[in-house]
Number of protein chains: 2
Amino acid sequence: MEVTPRKIVRIGIPRGGGYAMGPGKADLLEAIHATGSISAAGRSLSMSYRRAWLLVDEMNHAFATPLVEAHLGGAGGGGARVTDLGHEALRRYRALQDQAWTVLRTPYQDYLRLLKPE
Amino acid sequence: MEVTPRKIVRIGIPRGGGYAMGPGKADLLEAIHATGSISAAGRSLSMSYRRAWLLVDEMNHAFATPLVEAHLGGAGGGGARVTDLGHEALRRYRALQDQAWTVLRTPYQDYLRLLKPE
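Residue positions are given per chain, counting from 1 as you read along its sequence in written order. Here the convention is simple: chains get letters from A, ligands get numbers from 1, in the order in which they are written. In view of the model being predicted, local features appear only for residues whose pLDDT reaches at least 70, and side-chain atom pairs are presented and counted only at 80 or more, with totals across whole chains, interfaces and linings using the full set of residues. With hydrogens and water set aside, each side-chain value is computed from the structure's full complement of heavy atoms.

Chemist: Run through the relation of the copies chain A and chain B, naming residues and quoting values.
Modeler: Laying chain A over chain B is done by rotating through 180° and shifting 0.0 Å along the axis; what remains is an RMSD of 0.0 Å. Between the two chains, the operation in question is that of a two-fold axis. Whether two residues are in contact is decided by their heavy atoms: any pair within 4.5 Å suffices. Comparing interface residues between copies, 100% of those in chain A also sit at the interface in chain B, which points to an isologous, same-surface contact. In superposing the copies, a least-squares fit is computed on C-alpha atoms, taking residues whose pLDDT is at least 70 in both.

Below, the structure is given as structure tokens:
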């Protein structure tokens, strides 16, 4: 497993007992942008169809306006698009992770010395 | 739900495809210290007995020496103790969260403006 700051800095944006945004939702947004489809995005992350739709629904209800627009059915099984707010929410989420990593990089390396050598 | 920096800054210490330390394991260590028992600690976090033991086992194998010493059975059903390294691992994990929060506090508040008013 490659260890990246994104695997380490798992920021959550709490909302209503759950999270409006977090590592899984951010990855899903990126995958929807890449694939143009919620189900294909879910598959690319080994996420069930049901779970991918649930996460999209949670995001769409938590933010001021939807982050993903889906059109169901039709030839090709419909598709999905990340909205302008979706791109903004994702960009700023990644910025939070990057900002945290600037102060965590050194103490994180120190922390690893507590572990067994890999 | 009370929103605290600990709910927002969910740092993970990746190790071997999983995490050596993370929000759930840190809370469990605290609860073991408070209750003196792995099963009581798990219950206090609404965590199954099996899961609490699994998390302890993962931590004990990932760190240089065990973070929790359990003595099974006996009158009272045994007990558990957080070791010196366990206290150190927990203290430094909370310090990572606090350090990240110092730089995240303001951009996090800004991020909330993207959400629907609660």
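Chemist: Talk me through the interface of chain A and chain B; I want residue IDs and the actual numbers.
Modeler: Every contact between the two is made by 41 residues of chain A and, on the other side, 41 residues of chain B. A simple way to read buried area is as the amount of 1.4 Å-probe accessible surface that goes missing from two parts once joined, with both sides added. Both sides of the chain A and chain B interface together cover about 3,700 Å² of buried area, and 63% of this is carbon and sulfur. The working definition used for a salt bridge is a side-chain nitrogen of Lys or Arg within 4 Å of a carboxyl oxygen of Asp or Glu. Along the contact surface separating chain A from chain B lie two salt bridges. Taking the shortest distance from any N to any O, the salt bridge between R15(B) and E118(A) comes out at 3.4 Å. Polar contact is the term for a pair of N or O atoms within 3.5 Å; when the atoms are in protein, one must be able to donate a hydrogen and the other to accept it, and sequence-neighboring residues count only if both atoms are side-chain atoms. Inspection of the chain A/chain B interface yields 21 residue pairs in polar contact (both at pLDDT 80 or more). Mapped by element, the contributors of at least two residues to the side of chain A that touches chain B are helix 1 (5-8), strand 1 (9-11), strand 2 (13-15), strand 3 (18-21), helix 4 (49-62) and helix 5 (84-112) of chain A. Take the side of chain A that touches chain B: its biggest share by element is 15 residues, from helix 5 of chain A. Amino acid classes used here: Ala, Val, Leu, Ile, Met, Phe, Trp, Tyr, Cys and Pro are nonpolar; Asp, Glu, Lys and Arg are charged; the rest, including Gly, are polar. Within the side of chain A that touches chain B, the residues separate by chemical class into 26 nonpolar, seven polar and eight charged. For two strands to pair, DSSP has to find at least two bridges joining them. Strands here mean DSSP runs of E at least two residues long; helices mean DSSP runs of H or I at least four residues long; both are numbered from the N terminus. Relative to strand 1 (residues 9-11) of chain B, strand 1 of chain A runs antiparallel, the two sharing three bridges. Within the sheet, the bridge partner assigned to I11(A) lies in strand 1 of chain B and is V9(B).

Chemist: Got a sec to walk through the side chain of Q97(A)? Specific residues and values, please.
Modeler: Residue and element names in this part refer to chain A. Here Q97 lies in helix 5. Here's how the labels work: a residue is buried when its accessible area is under 20% of the maximum for its type, exposed when over 50%, partly exposed in between, all with a 1.4 Å probe on protein chains only. A relative accessible area of 3% places Q97 in the buried class. Sequence-distant contacts of Q97, defined by excluding residues within four places in its chain, comprise R6, V9 and I11.

Chemist: Can you lay out the pattern of salt bridges for me, pointing to particular residues and giving the numbers?
Modeler: Scanning the model with the defined rule gives 18 salt bridges over all chains in all. Among the salt bridges present, the one from E30(B) reaches R6(B), with a minimum N-O distance of 3.4 Å. On the criterion of sequence distance, the pair formed by E30(B) in helix 2 (residues 23-35) and R6(B) in helix 1 (residues 5-8) is long-range, its members being 24 residues apart. One continuous salt-bridge network, built from bridges that share partners, spans R6(A), D27(A), E30(A) and R94(A).

Chemist: Any details on unusual backbone geometry? Residues and values, ideally.
Modeler: Positioned with a positive phi, S46(A) is a non-glycine residue whose angle comes to about 55°. Inspection of the secondary structure assignment puts S46(A) in the loop between helix 3 (38-44) and helix 4.

Chemist: Would you mind going over the pairing of strand 3 of chain A in detail, with residue names and values included?
Modeler: Residues and elements named next belong to chain A. Relative to strand 3, strand 2 is paired through three bridges, and the arrangement is antiparallel. Counted as the bridge partner of P14 is Y19 from strand 3. From the end of strand 2 to the start of strand 3, which pair antiparallel, there are two residues, and G16 there has a positive phi angle of about 55°.

Chemist: Describe the environment of L72(B), listing the residues and the values that go with them.
Modeler: Following the sequence through the fold, L72(B) ends up in the loop between strand 4 (68-71) and strand 5 (79-82). For L72(B), the contacting residues outside a window of four places in its chain are W53(B) and G78(B).

The quantities given are spatial measurements derived from coordinates; they are silent on function.
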